[in-house]
Amino acid sequence: MEQFAGDQYNIIATGTGPVPQATAALPAPPAHLVGRTSEAEQLLELLDPEGQGPSAVVVSAVSGLAGIGKTALALHAAHEAAVVRNWYPGGVLFVNLRGYDPEGQVTGGQALAALLRALGVRDEDLPSTTDEQAAVYRSELARMADQGRRVLLVADNASTAAQVSPLIPARREHRLVVTSRDILAALPARQLGLYELAPGPARELISDSLTRARPDDTRPSRQREALDEVVRHCGRLPLALEIAAARLTGDPGLSLAAFAAELADTRGRLEQLRYDDGGHSLAVRAAFEGSYRRLDPEPALLFRLLSLNPGPDLATDAAEALIGRPARGLLANLARTALLSEQPVGAGRWRMHDLIRLYAAELAEGDDAAARAEAADRLLEHYSTTFEAATALLADLPEERNRQRFGSRSEALGWLKGERANLTAAARTFSGSHPDVVVRIAFDLVYRLFQWRYFDDGTAVAEAALAVVDGHGTASDRGGLHTILGMALFGAGRRAEAVAATQESIRIYRELARDQPEVEPLVGRSLANLGIQERDPERRRVAAEEAVSIGRRWARGDDPALPDVELAGALHNLSVALADLGRHAEAVAPAQEAMEIRRRQAQAAPGAFQRYFADLLIHLSAKLLEAGRPEDAVLRAAEGVDVFRQLAAEDLRAHEHALCDALSRLGLALAAVGRREEACELHADAVAVAAHLGENAEEAQVLAELADVLARSAAGRGMWRRIRRRRSPGGS
C-alpha cells in the first residue's frame, strides 16, 4: 500500500482480487463538540438528503480562522449524518487536501485519483488524464446514487477552489463538505463561517479536557477567575484552548493562576501557546503562518500595519490612512483568508482576532521602523482631524461651520460612536509618541465620553494627557486637563479624587490669573464644577457663589451668554446647593437666571448648549414645585421633556438618563396640579426608559414616585398593566 495523498484513506491496491473500498474510514469525531450547537444544526440541515428536494445544496463550505474548529465541526456533522442517522449508506470519503502545508498541497487531480482508489478503482484502471478521471468519478457516484447508496464526501483543509472543483458530485443525492481558512467564493457552495467560542463554551472546553484526563482535577472548579483569564488570553480560539488544556493536563501541578500569569505577557503569549509531546505538535503561531505565507505582498503589508491600530477594530478609511492608498480590496482579501473579518458584513469595520493581532505585531517588528512610524503618524492624523471635524459640527459653533467634513449631524455622531474605542485607545497609546496631538483632542474627547457615561475611559484619557502635558502644552492646558479629569472622576463616583483634581485646576488658574487676568473666567469655570462636586452643600454654595461673582464681573454688561463666561453653570450649581441647604425659595432665582442664559446660548448654538438648557428647565421645574408654584413647574418641565426627547432621538445613550428624570419630574408636577392621569402616563414612560437603562436604582426611584401618584389617583386602575407592557422588549 502506498499513501499517495498523505493519509490512510487513499488506497492503492495491487493484485487481482477484489479491491477494498475505503468508504467508512472517517477519522474519529471530537469527544465532545463544545459551543457549536447552532452551526452543527445548520450543517446537518444541509446534509439531510430528504430535507431540501430539488433545491438541495450539494456543497457546504465551512470557513474560518486557523484553529477555529472547522475540521472538528465537519467530522462531528459527518459522523452524525452517516453513522448515527445512516443518511449515507454508500459511505463517507475523507481527504485531507493540506492546503496550507509548507511542503505542498494536494492538487485537485491528486485528490480525485485518491478518491477513485477509495471507491475501489484499480490503479491500472485509472485513466491517464484528470478530465477522464473526473468522468469515471462522476459515473461511479451516479451508479451508487442509482443504487440508493448516497455518499458523503469531506474535503478537509482546502486552500483553493481548484483543489475542490473536481470532487463536486454531479448528482444531488450526494453531499460534499469542504473546510478552508479561505472563503472559497468560486465554489457553488453554501458558506458557513465559524468564529471564536462564547466565554461559557470556551471555559467548558478546558474544564472538560482536564476532568476527562483526571476526574479528580479540581483546578477548574477551584480557580474560576483564573480559568476566565486563561480563556481570555486564548482569545476563545479552540486551538489555543486545546493547547492550554494539553499544557495543564501535562503539568497537573501548574495552577490556572500561574498559567494565566504566563499568558498575560503579550510578547510571549504565542510562544506559550504551543505544545509538543515529542510526537504530536500544536502551535498557534504555526497555524497562522500557513495563512500568512499565501498572501501577496500588498495585503501582507496591510496585515502587518493593522497591528499598529490600538483599538479593537478599524474602519476602512482608517486602514487607508495606515497604508496610504485605497484599502477595501486588500481588506476583503484578508477577510477571505480569515485573517480578519468585517463585522457586521457591509459595515466597513474590520476586526482582527487578538492572537492574530499579536502575530501581526511580531511580523511588523521586522519592517522598517521609519515606515512603521509614518504609518502610525497617518493613522493618528486621520483620527484626530476627523474627530475635530465631527465635534465641531456637533457643537454647532458658528466659527466652526466651514470645517465640516460630514454631511449631517447623524453622520458625524455615527463616526464618533463607531470610533469611540479607537479614539480612547489612541489617546492612551500615542500619548508618549504624539503628546501634542493627544493633549489637543483630550478636552473634547473626555467631554464626549462623559456624555456617553464612559467615565473610566474619560478618566484614562485625561490622565494620559496629563502625564505628558509638561513640555507639550501650556499651564492653561494643564489646568484644563485637571478640570476634565475632575469631571470624569465625579462621573465615575470618585468624588474625593474629583474634588482634588478640580482644586488643582483652580490653583493653576489662580496662579496664571495674577499675570494674565483674562484667565480668571477659567477659575470661575472650575469653581462652578467644584460647586457640584463637593460633598458638603455649604462648601458647594461658597464655591458656586464665587464662580457667580467672577462670571458677573467678566460679563461687564455684555452678553452674559458668552460661552467663555460660565455664569449659567455657576448659577445652576448655586441653585442646587441652596436647595440642598433647604433654602428652596432662594434657589429659584439663580435657576431662573441661568435658564434664560442657557436659552440664548441654545438658540445661538444648539449643538453646544441645548443639553444644558434642558437640564436647567428640569432643575427649575423641581425648584418651582418645592417653592409651591406647581403650574410654573409644569410649564418648565414640559418644555424640558420636549427638548430631551429631541436630544434622545439623535443620541439616546447621551441623554437617556436625563430623559428618564425629566419624564418623572414632569409627572410629579402634573400630579401636583391634579392632572394625575397624565402624570401616570409620564411616569410609565419614565419606568420604560429606566428599564431600558437596566439601572435598578433609577427604576426603583421612578416606581416609588409613581406608586405615590397612583395611591392618590383614581386613574391607577389598569396603569400597572400598561407599565408592564412598556417595560417588556416588545412594548410600545
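About the thresholds
Residues numbered from 1 in each chain as written. Predicted model: local features only at pLDDT ≥ 70, side-chain atom pairs only at ≥ 80, totals over all residues. Heavy atoms only, no water. Helix = DSSP H or I, 4+ residues; strand = E, 2+ residues; numbered from the N terminus. Contact = heavy atoms within 4.5 Å. Areas by Shrake-Rupley, 256 points an atom, 1.4 Å probe, with all protein chains shown as cover. Pairing = 2+ DSSP bridges. Axes fitted to C-alpha atoms, helices over the stretch in contact; angles between N-to-C directions. Phe/Tyr/Trp six-rings, centres within 6.5 Å; stacked < 30°, edge-to-face > 60°. Buried < 20%, exposed > 50% of the residue type's maximum accessible area, 1.4 Å probe, protein only. Core = buried A, V, L, I, M, F, W, Y, C linked by side-chain atoms within 4.5 Å. Parallel < 35°, antiparallel > 145°, perpendicular 65-115°, else oblique. Left-handed = near helix turned anticlockwise from the far one by under 90°. Nonpolar A, V, L, I, M, F, W, Y, C, P; charged D, E, K, R; others polar. 1 Å grid on protein atoms, 1.4 Å probe; cavity = no way out; pocket = protein on both sides within 12 Å on 5 of 7 lines; lining within 4 Å. Points joined across faces, edges and corners; volume = space filled by probe spheres on them. Polar contact = N/O pair within 3.5 Å; in protein donor to acceptor, adjacent residues only side chain to side chain. pLDDT = per-residue confidence, 0-100. Expected span 1.5 Å × (residues − 1). Bend = angle between axes of the 7 residues up to and from the residue. Salt bridge = Lys/Arg side-chain N within 4 Å of Asp/Glu carboxyl O. Patch = residues over 30% accessible without salt bridge, like charges linked within 9 Å, V, L, I, M, F, W, Y side chains within 5 Å. Lys, Arg positive; Asp, Glu negative; His and termini not counted. Charge placed at Lys NZ, Arg CZ, Asp CG, Glu CD.

Asker: Please explain the overall build of the chain as it appears in this structure.
Answerer: Each helix and strand counted, the chain has 33 helices and 10 strands in total. Considering only intrachain contacts with a sequence separation of at least 6, the fraction spanning at least 24 residues in the chain is 68%. By element, 49% of the accessible surface of the chain is carried by carbon and sulfur atoms, the whole surface being about 31700 Å².

Asker: I tried to follow the sheet that holds strand E5 (residues 189-193) on my own but got confused; where do I start?
Answerer: Backbone hydrogen bonds hold the strands of a sheet together, and the pairing may be parallel or antiparallel. Taken in spatial order, the 5 strands make up an open sheet running E2-E3-E4-E1-E5, and their pairing is parallel. Only two strands of the sheet have a single neighbouring strand rather than two, namely strand E2 (91-96) and E5. On average, each strand axis in the sheet is inclined to that of its neighbour by 15°, with strand direction left out of account.

Asker: I'm lost on the sheet that holds strand E10 (residues 349-351) in this one. Help?
Answerer: What the 3 strands build is an open sheet, ordered E8-E10-E9; its pairing is antiparallel. Two strands bound the open sheet, and with one partner strand each, they are strand E8 (313-315) and strand E9 (341-342).

Asker: Would you explain the packing of aromatic side chains in this entry?
Answerer: Using the criterion set out here, one finds 7 aromatic pairs in the structure. The interplanar angle of 85° and the centroid separation of 6.1 Å between the aromatic rings of Tyr 292 and Tyr 359 together place this pair among those described as edge-to-face. With a gap of 67 residues between them, Tyr 292 in helix H12 (residues 284-292) and Tyr 359 in helix H16 (residues 354-364) connect regions that are remote in the sequence. Residue class for Tyr 359 comes out buried when judged on its relative accessible area of 3%. Both rings, one in Phe 303 and one in Tyr 359, keep their centres 6.3 Å apart while their planes meet at 50°; by these two values the pair is tilted. Taken together, the residues Phe 303 in helix H13 (residues 297-305) and Tyr 359 in helix H16 connect sequence positions 56 residues apart.

Asker: Honestly, the nonpolar core in this entry has me stumped. Any pointers?
Answerer: Core analysis: the largest hydrophobic core is formed by 124 residues, its most contacted members being Phe 303 and Leu 306. The element best represented in this core is helix H17 (residues 369-395), accounting for 10 residues.

Asker: Any chance you could explain the packing of H17 against helix H20 (residues 435-451) here in plain terms?
Answerer: Packed helices, taken two at a time, are described by the angle their axes make and the gap between the axes. Packing of H17 against H20 brings their axes to within 11 Å, and their N-to-C directions diverge by 45°. Compared by their axis directions, H17 and H20 come out oblique. Of the two elements, H17 crosses H20, and the hand of that crossing is left-handed. In contact with Leu 380, Ser 384, Phe 387, Glu 388, Thr 391 and Leu 394 of H17, H20 contributes Val 437, Arg 440, Ile 441, Asp 444, Leu 445 and Arg 448. In terms of residue class, the contact of H17 with H20 is made up of 6 nonpolar, 2 polar and 4 charged.

Asker: Can you walk me through the side chain of Ser 621 in this structure?
Answerer: Along the chain, the position of Ser 621 falls in helix H28 (residues 606-626). What makes Ser 621 buried here is its relative accessible area of 2%. Setting aside residues up to four positions removed in sequence, Ser 621 forms contacts with Ala 633, Arg 636, Ala 637 and Ala 669.

Asker: Whenever I open this one, empty space enclosed by the protein confuses me. Can you help?
Answerer: Tallying each qualifying case throughout the model produces 3 cavities of 30 Å³ or more. Each pocket or cavity is described by its volume, and for the largest cavity that value is around 60 Å³. Leu 306, Asn 309, Pro 312, Asp 313, Leu 314, Trp 350, Arg 351, Met 352 and Arg 357 are the residues that line the largest cavity. Elements with a contribution of two residues or more to the lining of the largest cavity: E8 and E10. The class makeup of the residues in the lining of the largest cavity is 5 nonpolar, 1 polar and 3 charged.

Asker: What am I meant to see in the layout of surface pockets here?
Answerer: Picture a little ball the size of a water molecule; that probe, rolled over the atoms, points out where space is still empty. Space inside the second largest pocket adds up to approximately 1400 Å³. Taken together, 47 residues line the second largest pocket, and the ones lying closest to its centre are Gly 67, Thr 71, Leu 239, Glu 242 and Leu 282. Looking at the lining of the second largest pocket, its residues break down into 23 nonpolar, 12 polar and 12 charged.

Asker: Help me understand the packing of H13 against helix H14 (residues 316-323), please; the structure alone is not making it clear to me.
Answerer: The contact between H13 and H14 brings their axes to 10 Å, and the two run at 105°. It follows from the interaxial angle that H13 and H14 lie roughly perpendicular. Note on element contacts: H14 touches H13 through Ala 319, Leu 322 and Ile 323, opposite Glu 298, Leu 301, Leu 302 and Leu 305. Partitioned by chemical class, the residues of the contact of H13 with H14 number 6 nonpolar, no polar and 1 charged.

Asker: Sorry if this is basic, but what is going on with the side chain of Asp 182 here?
Answerer: Note that Asp 182 resides in the loop between strand E4 (175-180) and E5. A distance of 2.4 Å separates the side chain of Asp 182 from the side chain of Tyr 100, its partner in a polar contact. For Asp 182, the residues in contact, after removing those within four places along its chain, are Ser 63, Tyr 100, Ser 159, Arg 294, Arg 336 and Thr 337.

Asker: Just checking my understanding: could you explain the pairing of strand E3 (residues 151-158) for this structure?
Answerer: The side chains of a regular strand alternate between both faces of the sheet. In terms of residue burial, E3 counts as a mostly covered element, since 7 of its 8 residues are buried. Two strands pair when backbone bridges link them, and E2 and E3 are joined in this way by 6 bridges, in the parallel orientation. Of the residues in E3, the one forming a bridge with Phe 94 is Val 154. The pairing of E3 with E4 spans 5 bridges and is parallel. By the bridge assignment, Ala 158 is partnered in E4 with Ser 180.

Asker: Is there a simple way to think about the confidence of the model for the chain in this case?
Answerer: Interpreting fine coordinate detail is not advised for predicted regions of low pLDDT. Put simply, the chain has an average pLDDT of 88, and 88% of its residues get 70 or more. Segment residues 1-20: pLDDT under 50, and 41 contacts once partners within four positions in sequence are set aside and those in other chains are kept. Throughout residues 723-732 the model reports pLDDT below 50, and contacts reaching past four residues in sequence, or to other chains, amount to 14 contacts.

Asker: What is the right way to look at helix H30 (residues 652-672) in this model?
Answerer: With 21 residues, H30 extends 29 Å from end C-alpha to end C-alpha; this agrees with the ideal 30 Å at 1.5 Å per step. Along its length, H30 reaches its greatest deviation from straightness, about 30°, at Ala 658. Backbone geometry just downstream of H30 places Gly 674 in the positive-phi region, at approximately 90°.

Asker: Explain the pattern of salt bridges to me, please; I cannot follow it from the model alone.
Answerer: It is possible for side chains bearing opposite charge to pair when their charged atoms get close. All chains considered together, the criterion is met by 47 salt bridges. Between Glu 262 and Arg 247 there is a salt bridge whose closest N-O contact spans 3.3 Å. Linking Glu 262 in helix H10 (residues 256-264) with Arg 247 in helix H9 (residues 238-250), this pair joins segments that are 15 residues apart in sequence. Under the relative-accessibility criterion, Glu 262 is labelled partly exposed at 29%.

Asker: Could you clarify how one ought to interpret unusual backbone geometry in this entry?
Answerer: With the exception of glycine, most residues fall at negative phi, and the peptide bonds are largely trans. Residue Pro 344 is bonded to the preceding Gln 343 through a cis peptide linkage, with omega at -10°. Here Pro 344 lies in the loop between E9 and E10. At Ala 338, a residue that is not glycine, the phi angle is positive and equals roughly 65°. In this fold, Ala 338 is placed in the loop between helix H15 (328-336) and E9. Phi at Arg 453 is positive, roughly 70°, even though this residue is not glycine. Among the structural elements, Arg 453 can be located in the loop between H20 and helix H21 (455-468). With a relative accessible area of 33%, Arg 453 lands in the partly exposed category.

Asker: I would appreciate a short explanation of a negative patch on the surface in the present structure.
Answerer: Negative charge collects at one region of the surface, where Asp 368, Glu 374, Asp 377 and Glu 381 lie side by side. The residue Glu 381 is located in helix H17 in this model.

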